[in-house]
Every structure is written in structure tokens, then in C-alpha cells.
Amino acid sequence: LFTGAFDGRPADYMFMLLFNWICIVLLMIPLIMSVLYVWAQLNRDMIVSFWFGTRFKACYLPWVILGFNYIIGGSYV
């Protein structure tokens, strides 16, 4: 995101991260997922790979990771 959508606007990028950090109250995984979600929405048509070469559009990546975490017994939160 820093070199793409927020290129030349480091204050906007820092504000987004700070706002997410305050809203999420110091939980690291949700912060990473929120940045991933923003990246996925900005690159909707890009093809990404997940485990074992599974390929799909980037806009579905956060949902695939959510489902994968649920399947392996983790929390969906």
C-alpha cells in the first residue's frame, strides 16, 4: 500500500494505520487483516495464489483466509 495507493502520501498511510490501531485496540492480527483488506479492495482484479497453488482474485483473499482459519480450528474473529 505504501508504494501503491498511498505513494507520495505517507501522512495518509500513517493516519490509516493509526486509526486502525486505535480502533482495534492493540490486536496485531486484525490490524494486518485490515491492511490486507484495503490492499485487496484496491487490487480487486489481481490474481493471487494461496496454499497449493489455489488461484483467485485478490478481492476474495481476506475471505479465503477467514475461512481457512475457521477450518483449521482457529477463531474466525
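Here the structure is shown first, and the text comes after it.
The notes below deal with the structure included here.

Cut-offs applied
- Residue positions are counted from 1 within each chain, in the order its sequence is given.
- The predicted origin of the model limits local features to residues at a pLDDT of at least 70 and limits the giving and counting of side-chain atom pairs to 80 or more, whereas totals for whole chains, interfaces and linings rest on all residues.
- Each side-chain value is derived from all of the structure's non-hydrogen atoms; neither hydrogens nor water enter the calculation.
- Working definition: rings of Phe, Tyr and Trp (its six-membered ring) pair if their centres are within 6.5 Å, and the pair is stacked with planes under 30 degrees apart, edge-to-face with planes over 60 apart, and tilted otherwise.
- Here's how the labels work: a residue is buried when its accessible area is under 20% of the maximum for its type, exposed when over 50%, partly exposed in between, all with a 1.4 Å probe on protein chains only.
- Secondary structure is summarised from DSSP: a helix means a run of H or I of at least four residues, a strand means a run of E of at least two, and numbering begins at the N terminus for each.

Quick notes on the packing of aromatic side chains
Counting across every chain of the model gives 3 aromatic pairs. Taking 5.6 Å as the distance between ring centres and 85 degrees as the angle between the ring planes, the aromatic pair formed by W51 and F52 counts as edge-to-face. Residue W51 is classed as partly exposed on the basis of its relative accessible area, which comes to 47%. Residues W51 and F68 carry aromatic rings whose centres are separated by 4.8 Å and whose planes lie at 55 degrees to one another, so their mutual orientation is tilted. Taken as a pair, W51 in the loop between β1 (47–49) and β2 (55–57) and F68 in helix α3 (residues 61–71) lie far apart in primary sequence, 17 residues in all. With a relative accessible area of 22%, F68 lands in the partly exposed category. These aromatic residues form a ring-pair network of at least three members: F50, W51, F52 and F68.

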